[in-house]
Amino acid sequence: MANGWKIFGIIIISLAVLSLVACGICGIIGSSDSDDQTGTSNQGSGAYTPTQPSTPSPVVGHVGDVFTSQSYTDHIEWSVTQTIRGYQANSIVASGNMFNSEPASGYEYLLYNIYVKNVGTEPYSIYSLAWRVYADGVEPGMSYVILPDSYRELESIDIRSGASTDGWMACEVPTGSNVRIYYEPLFSYGSSEEVYVII
């Protein structure tokens, strides 16, 4: 009988040791899993809460504000210096060339002037389509119209260090829409920062 109790005690102690070992292994696995993931664990409930990756805040400006944009090779200052839309813009486009079309029904022309200065040390190649219009979040596309001579268009040209230029661009946007002009360079080198001007 004594031997029976002795064997029973050994079995109980063995089970207790195995339980502790198993809990220790689970704890190690759980901590290594949480090290591999981005997030926090609520140890009381065992729930895992993922941490959202941080996104850079957009850079927001208005007409006349000067922005500085820099990449590995380019360093420029730029600004949307003036905008014209609605009846006045429609009249300017109509006077530019007899073959310019009227805006589509429910749309109006938007004219905007872009100023660019090369503050870097290397020549800068202006890509005019880097300044893109979005009306209520939708890009309307460029309007291929001929503007009057007094509204010289922004050309895709090179400017040397210290030089500056400006020019106009035109597009059709829905009448009364909320318009933003985004700077989206051809090569952004992985930058996800949004830069835009509210019109």
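Anything mentioned here points back to the structure above.
In this report, we go over the structure that sits alongside the text.

Reading the values: the criteria
- Residues numbered from 1 in each chain as written.
- Predicted model: local features only at pLDDT ≥ 70, side-chain atom pairs only at ≥ 80, totals over all residues.
- Heavy atoms only, no water.
- Salt bridge = Lys/Arg side-chain N within 4 Å of Asp/Glu carboxyl O.
- Helix = DSSP H or I, 4+ residues; strand = E, 2+ residues; numbered from the N terminus.
- Buried < 20%, exposed > 50% of the residue type's maximum accessible area, 1.4 Å probe, protein only.
- Arc of directions from axis to C-beta.
- Contact = heavy atoms within 4.5 Å.
- Pairing = 2+ DSSP bridges.
- Axes fitted to C-alpha atoms, helices over the stretch in contact; angles between N-to-C directions.
- Phe/Tyr/Trp six-rings, centres within 6.5 Å; stacked < 30°, edge-to-face > 60°.

1. Remarks on the pattern of salt bridges
For side chains of opposite charge, pairing can occur when their charged atoms come near one another.
Okay, step 1: Counting across every chain of the model gives four salt bridges.
Okay, step 2: Note that E184 and R132 form a salt bridge whose closest N and O atoms lie 3.3 Å from each other. Highlighted residues: E184 in the loop between β11 (179–183) and β12 (195–198) and R132 in strand β8 (residues 131–135), separated in sequence by 52 residues.
Okay, step 3: Note that R152 and D166 form a salt bridge whose closest N and O atoms lie 3.8 Å from each other. Placement of the pair is R152 in the loop between β8 and β9 (158–159) and D166 in strand β10 (residues 164–174), with a sequence separation of 14 residues.

2. Quick word on unusual backbone geometry
With glycine set apart, most residues show a phi of negative sign, and most peptide bonds adopt trans.
Okay, step 1: Phi is positive for D136, close to 50 degrees, though the residue is something other than glycine.
Okay, step 2: D136 gets classed as partly exposed once you look at its relative accessible area, which sits at 49%.

3. Observations regarding helix α2 (residues 87–96)
Okay, step 1: Among the residues of α2, those classed as buried are A89, I92 and V93. An end-on view of α2 places all buried positions within 95 degrees of arc, on one side of the element. Seen from the buried face of α2, the exposed residues on the opposite side, beyond 90 degrees, are Y87, A94 and S95.
Okay, step 2: Tucked into the core, α2 has its buried residues touching β5 (75–85) and β6 (107–118).

4. Some details on the sheet that holds β10
Okay, step 1: Read across the sheet, four strands follow the order β4-β5-β6-β10 without closing on themselves; strand pairing throughout is antiparallel. Two strands lie at the open edges of the sheet, namely β4 (67–70) and β10, each paired on one side alone. Between one strand axis and the next, the sheet turns through 30 degrees on average, direction left out of account.
Okay, step 2: As paired strands, β6 and β10 are joined by eleven bridges and run antiparallel to one another. If you follow Y112 over to β10, its bridge partner there is M169.
Okay, step 3: On the sheet, α2 packs against β5 and β6 and is oriented at approximately 80 degrees with respect to β6.

5. Comments concerning the sheet that holds β11
Okay, step 1: Taken in spatial order, the four strands make up an open sheet running β3-β12-β11-β8, and their pairing is mixed. The sheet is open, and its two borders are formed by β3 (59–62) and β8, each paired with just one other strand. If you compare each strand with its neighbour and ignore which way they point, the axes differ by 30 degrees on average.

6. Focus: the pairing of β8
Okay, step 1: Of all five residues in β8, four are buried, a share of seventy percent or more.
Okay, step 2: Alignment of β8 against β11, held across five bridges, turns out to be antiparallel. Across the sheet, the residue bridging to V133 is I181, located in β11.

7. A word on the packing of aromatic side chains
Working definition: an aromatic ring pair is given by the centre-to-centre distance plus the angle between the planes.
Okay, step 1: Using the criterion set out here, one finds seven aromatic pairs in the structure.
Okay, step 2: Each ring, one from W78 and one from Y183, has its centre 5.3 Å from the other, and the planes form 35 degrees; the classification is tilted. Taken together, the residues W78 in strand β5 and Y183 in strand β11 connect sequence positions 105 residues apart. Side by side, W78 and Y183 carry an identical accessibility label, which is buried.
Okay, step 3: Taken together, a centroid distance of 5.1 Å and an interplanar angle of 65 degrees make the contact between Y151 and W168 edge-to-face. Residue Y151 is found in the loop between β8 and β9, and its partner W168 is found in strand β10; the two are separated by 17 residues along the sequence.
Okay, step 4: Residue classification places Y151 among the buried positions, given a relative accessible area of 18%.
Okay, step 5: In this structure an aromatic cluster arises from ring pairing among F67, W78, W131 and Y183.

Read these as geometric descriptors, not functional statements.
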